[in-house]
Amino acid sequence: MKMPTVKYQRGDMVMGRWPGSNLYYEVKVLGLDAKSQLYTVIYKDGTELELKEQDIKSAAGFQSRSRSRSRSPSRRRSRSRSPARTTRRSSSRTAAAVAAAAITESAPSSRRDAKLKDSVEVRLSPLKSEAVAEAVPEKNQGRYNLRRRKDDGDFKSVEAKVEQLEEKEAKLAAATPPSTPLDFGGKIGAYFWLLFLPAWVLFLLLQVNLEDPSLANFPPPLPPLEAFWDVQALGFVILWILFQAVLYILPVGKLSEGMPLRSGERLKYRTNGFFAIVVSSVAVAAAMHKGFDLTYIHSHFLQLTAASFIISILLSTYLYVRSHYAAPEQLALGGSSGNVVYDFFKGHELNPRIKNFDLKFFCEMRPGLIGWCLINFAMALAEMKHQGLNAPSHSMILVNLFQLLYVVDGLWNEEAILTTMDLMHDGFGFMLAFGDLVWVPFTYTLQAYYLVSWPNPLSLPALGAIVTLKLVGFYIFRKSNSEKNAFRRNPSDTRLSHLRNIPTATGKSLLVSGWWGVVRHPNYLGDLLMALAWSLPCGFSHLLPWYYMIYFIILLVHRDSRDMSECRRKYGSAWDEYCRTVRYRIIPRVY
Ligand SMILES: NC(=O)c1ccc[n+]([C@@H]2O[C@H](COP(=O)([O-])OP(=O)(O)OC[C@H]3O[C@@H](n4cnc5c(N)ncnc54)[C@H](OP(=O)(O)O)[C@@H]3O)[C@@H](O)[C@H]2O)c1
Ligand SMILES: CC(C)=CCC[C@@H](C)[C@H]1CC[C@H]2C3=C(CC[C@]12C)[C@@]1(C)CC[C@H](O)C(C)(C)[C@@H]1CC3
């Protein structure tokens, strides 16, 4: 039997590749796991990682090659920077920025050698794949070739420039999106979702309109194409979006700072969502007072959905086109595959803005979310009209109040959305544009739509149990989201000092007690309990009003696994340690 070779011994100082990049740091070998053939190494900041042999280079060979590449004293200094050392200097830097400040191996040797003769090379190779490298203009690379002044011996000024350029390069490196593994079934998956999502919305709306919406009556008959089009409905949707846009830009409410971007910049967001829903309610009340019949929304639901769909397609096309004019640091990590359909679907640009108007933030928090409450309210009026009631049914009231609470809470704590995955990591493309403008307002309202034609009387104990469930879910959801948001905004907040956390090489820490010590996604747990409380008032006669619950389980399980891989990539062994300590993902002792 062939014995595995042990190339590096415990205690050896070697250069270890930083996961997901081609950057090497000085690390100490702690041991080799004979079974997995992985070396455990420790970085200078104490981060432990397991590396394959091919991701390790001997320090001697590495340094001699690197030294010949750079004769600048400052360049030599940068060679020994560890993630932790750089992090300490600027705690807000991201892992990529940190990594970029370290020595790299990726400059093609021919070009590198050509530069050696007369220049001090300060090029630090950013974390990027070949696909992304194309997105970085060639001129950027030329910029880092600083000619040495041969005779004056003024190394100080050269050194200062080198330092400056290193800073710039580190920023650029941090900003350049490396490719991340494709999500949602990759390129083929993107075609599928582009067709499936609108088809699914259509199915839900046609099915709920059937005289008996049970699945035995699947598929519902398709109406003629003209049935989808109504210019007045399109006008109302445009008016609603414009009205919300005006409220968003009004200089009312707080200007909140987003999380640091890869470039280190922090965007500002007008978080006046609560103000927007209050003014919207007053405007709707005024329109009703003037004689506008809100049940129009129920009777023209298909046309309003179609109009919003058209707008989401136009918006996604605009977003995709404009992303080609965006600087590399403005692109999302996940939507830069180079495949048109995938990037169109997933979103190419991270925070598309027209001046200070943030399109992703606006679409996620305003027209669809506030529209959801408006539609629910219209369904309550439609129920009274159709069922000949003087007041909406208890089930309808519960669904309305529960979902109103969810939306109002989201708008009240609008700042908290700035630390969520969508805002921090996902690009703005078809998925979110369609999700925000069509999916949320026209499918999250399905329970209320269903109750218009299918009333479900509730006994008092059932009512009490459902309300309790909702409140428990809401408590978990709100507390856990606020805890993470407060910790991300100010990790040294004294109100959080009782919580334990694990430091990571990026400078950020992970909460390991409190809500985030119970399960890895306590906020999802609370959200799921609330979702259950939204479906229960509709009873068990049909599967349709349970659609949200089923969809939500799938969505959150998928989001959790997406987030897990992203955090594993970002935090390495610290994330593994977190997962070892907090074993369950969403439901304690179950999942
Ligand atoms: N109603 C709906 O349709 C719907 C759909 C989706 C989500 N939601 C809700 O929206 C909210 C936001 O969800 P989200 O999917 O964006 O996920 P999230 O849980 O808010 O954010 C995940 C991020 O939190 C940070 N994090 C993870 N574990 C941590 C820990 N132990 N300590 C500190 N930070 C930690 C990580 O980011 P960093 O480390 O980079 O900061 C991670 O990427 C949730 O409440 C969810 O239920 C609702
Ligand atoms: C089209 C499909 C299948 C997916 C798009 C997903 C999209 C609808 C959701 C992704 C993140 C969600 C979200 C909320 C609404 C739905 C999403 C945009 C949220 C704004 C709802 C209100 C909450 O209080 C919240 C925590 C602010 C939510 C943030 C995430």
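A quick note: this is a predicted structure, and the numbers were derived from the prediction, not measured. (Residues numbered from 1 in each chain as written. Chains lettered and ligands numbered in written order. Predicted model: local features only at pLDDT ≥ 70, side-chain atom pairs only at ≥ 80, totals over all residues. Heavy atoms only, no water.)

### Digging into the overall build of the chain
Helices and strands together make up the secondary structure of the chain, namely 24 helices and 13 strands. Sorting the 591 residues of the chain into buried and exposed places 54% on the buried side. Within the chain, residue pairs in contact and separated by at least 24 positions form 72% of the contacts whose partners lie at least 6 positions apart. (Helix = DSSP H or I, 4+ residues; strand = E, 2+ residues; numbered from the N terminus. Buried < 20%, exposed > 50% of the residue type's maximum accessible area, 1.4 Å probe, protein only. Contact = heavy atoms within 4.5 Å.)

### Thoughts on the side chain of arginine 562
The topology assignment puts arginine 562 in helix α23 (residues 547-571). If we ignore the near neighbours within four places in the chain, the residues touching arginine 562 are Asp183, Phe184, Lys346, Met421 and Asp426.

### Overview of the site of ligand 2
Taken together, 15 residues surround ligand 2, and among them Glu364, Gly410, Asp422, Asp436 and Arg559 come closest. Coverage of ligand 2 by the protein chains reaches 88% of its 630 Å² of free accessible surface. Contributing elements (two or more residues each) for the shell around ligand 2: α15 (359-365), α17 (394-412) and α19 (430-443). At five residues, α19 tops the list of elements feeding residues into the shell around ligand 2. Grouping the constituent residues of the shell around ligand 2 by class yields nine nonpolar, two polar and four charged. (Near = heavy atom within 4 Å. Areas by Shrake-Rupley, 256 points an atom, 1.4 Å probe, with all protein chains shown as cover. Nonpolar A, V, L, I, M, F, W, Y, C, P; charged D, E, K, R; others polar.)

### Some thoughts on a nonpolar patch on the surface
Together, Leu215, Phe218, Leu543, Ile550 and Ile554 make up an exposed nonpolar region whose accessible area comes to about 500 Å². Along the chain, phenylalanine 218 turns up in the loop between α9 (186-208) and α10 (231-249). (Patch = residues over 30% accessible without salt bridge, like charges linked within 9 Å, V, L, I, M, F, W, Y side chains within 5 Å. Salt bridge = Lys/Arg side-chain N within 4 Å of Asp/Glu carboxyl O.)

### Looking at the UniProt feature "transmembrane region" (unreviewed entry) in the chain
UniProt's entry tags residues 188-208, 228-250, 271-289, 301-321, 428-452, 458-477, 498-519 and 531-557 with the feature "transmembrane region" (unreviewed entry), counted in the numbering of this structure. Secondary structure across residues 301-321 divides into 100% helix and 0% strand, with the first and last C-alpha atoms of the span separated by 30 Å. Between the C-alpha atoms that bound residues 428-452 there is a distance of 34 Å. The span itself is 84% helix and 0% strand. (UniProt positions renumbered as here; feature names shortened; annotations may be inferred.)

### Examining the packing of α10 against helix α16 (residues 367-387)
The description of two helices packed together rests on the angle between their axes and the distance between the axes. It is at 10 Å that the axes of α10 and α16 come closest, and there the two elements cross at 120°. In this structure, α10 crosses over α16, and the sense of that crossing is right-handed. Contacts from Trp240, Ile241 and Gln244 of α10 reach α16 at Pro367, Ile370, Gly371 and Leu374. Of the residues assigned to the contact of α10 with α16, the class counts are five nonpolar, two polar and no charged. (Axes fitted to C-alpha atoms, helices over the stretch in contact; angles between N-to-C directions. Left-handed = near helix turned anticlockwise from the far one by under 90°.)

### Re the side chain of serine 316
Within the fold, serine 316 resides in helix α13 (residues 301-323). We classify serine 316 as buried; its relative accessible area is 1%. Within the local environment of serine 316, its side chain forms a polar contact with the backbone oxygen of serine 312, the two atoms lying 2.5 Å apart. In contact with serine 316, other than residues within four places in its own chain, are Phe344, Gly429, Phe430 and Ala433. (Polar contact = N/O pair within 3.5 Å; in protein donor to acceptor, adjacent residues only side chain to side chain.)

### Looking at the site of ligand 1
Near ligand 1 lie 29 residues; those nearest to it are Tyr444, Arg488, Tyr524, Asp527 and Tyr571. Side-chain polar atom of arginine 488 to an oxygen atom of ligand 1: 2.5 Å apart, as the coordinates give it. One nitrogen or oxygen atom from the side chain of tyrosine 578 is found 3.2 Å from a nitrogen atom belonging to ligand 1. Listing elements by their share of the shell around ligand 1, those giving two or more residues are α18 (421-424), α21 (460-489), β13 (509-511), α22 (522-535), α23 and α24 (573-581). Per-element accounting of the shell around ligand 1 gives the leading share, eight residues, to α23. In terms of residue class, the shell around ligand 1 is made up of 16 nonpolar, five polar and eight charged.

### Comments concerning the packing of aromatic side chains
Counting across every chain of the model gives 45 aromatic pairs. Look at tyrosine 406 and tryptophan 534: their rings are 5.1 Å apart centre to centre, the planes differ by 75°, and that puts the pair in the edge-to-face class. With tyrosine 406 in helix α17 and tryptophan 534 in helix α22, this residue pair connects regions lying 128 residues apart in the sequence. In this pair, the class of tyrosine 406 matches that of tryptophan 534, namely buried. Its end group placed over the ring of tyrosine 269, arginine 353 keeps NZ or CZ at 4.8 Å from the ring centre. (Phe/Tyr/Trp six-rings, centres within 6.5 Å; stacked < 30°, edge-to-face > 60°. Lys NZ or Arg CZ within 6 Å of the ring centre and 35° of its normal.)

### Some details on the confidence of the model for the chain
Scored by pLDDT, the chain has a mean of 80; 77% of the residues are at 70 or more. When the criterion is pLDDT under 50, residues 63-155 qualifies, and its contacts beyond four places in sequence or with other chains add up to 178 contacts. Across residues 172-178, where pLDDT falls below 50, the model places 32 contacts with residues more than four positions away in sequence or in other chains. In the model output, the complex is listed with pTM 0.74 alongside ipTM 0.96. (pLDDT = per-residue confidence, 0-100.)

### Here we look at the state of the cysteines
Here is the idea: a disulfide is a covalent bond, and it sits between the sulfur atoms of two cysteines. Enumeration over the complete set of coordinates arrives at zero disulfides. Its sulfur unpaired, cysteine 373 is 16 Å from the next cysteine sulfur, which belongs to cysteine 538. Counting only cysteine sulfurs, cysteine 567 is the nearest neighbor of cysteine 579, a cysteine outside any disulfide, at a range of 8.4 Å. (Disulfide = S-S within 2.5 Å.)

### Some thoughts on the pairing of strand β2 (residues 24-33)
In terms of strand pairing, strand β1 (residues 13-17) meets β2 through five bridges, oriented antiparallel. Bridging from a neighbouring strand, methionine 15 pairs with glutamate 26 of β2. Direction of pairing for β2 relative to strand β3 (residues 38-43): antiparallel, over a ladder of six bridges. Across the sheet, the residue bridging to valine 29 is valine 41, located in β3. In this antiparallel pair of consecutive strands, β2 and β3, the connection spans four residues, and glutamine 37 shows a positive phi of 60°. (Pairing = 2+ DSSP bridges.)

### Things to note about the sheet that holds β1
In space, the five strands of this open sheet follow the order β4-β3-β2-β1-β5, with antiparallel pairing throughout. Each having just a single partner strand, β4 (48-51) and β5 (56-58) make up the two edges of the open sheet. The mean inter-strand angle of the sheet, taken between neighbouring strand axes irrespective of direction, is 45°. Here β1 runs beside β5; their pairing, made up of three bridges, is antiparallel. Considered in β5, the bridge of valine 14 is made with serine 58.

### Here's the deal with the pattern of salt bridges
Applying the stated rule across the entire model yields 16 salt bridges. Here glutamate 349 ties to arginine 322 by a salt bridge, and the two come within 3.1 Å at their closest N and O atoms. In this pair, glutamate 349 sits in the loop between α14 (340-346) and β10 (353-354) while arginine 322 sits in helix α13, placing the two residues 27 residues apart along the sequence. Classification of glutamate 349 by relative accessible area gives buried; the value is 4%. Residue class for arginine 322 comes out buried when judged on its relative accessible area of 17%. Close ionic contact of arginine 478 with aspartate 409 constitutes a salt bridge, the shortest N to O distance being 2.7 Å. Taken as a pair, arginine 478 in helix α21 and aspartate 409 in helix α17 lie far apart in primary sequence, 69 residues in all. For the pair shown, arginine 478 and aspartate 409 are each scored as buried. One network of salt bridges, with partners in common, ties together Asp183, Asp426 and Arg562.

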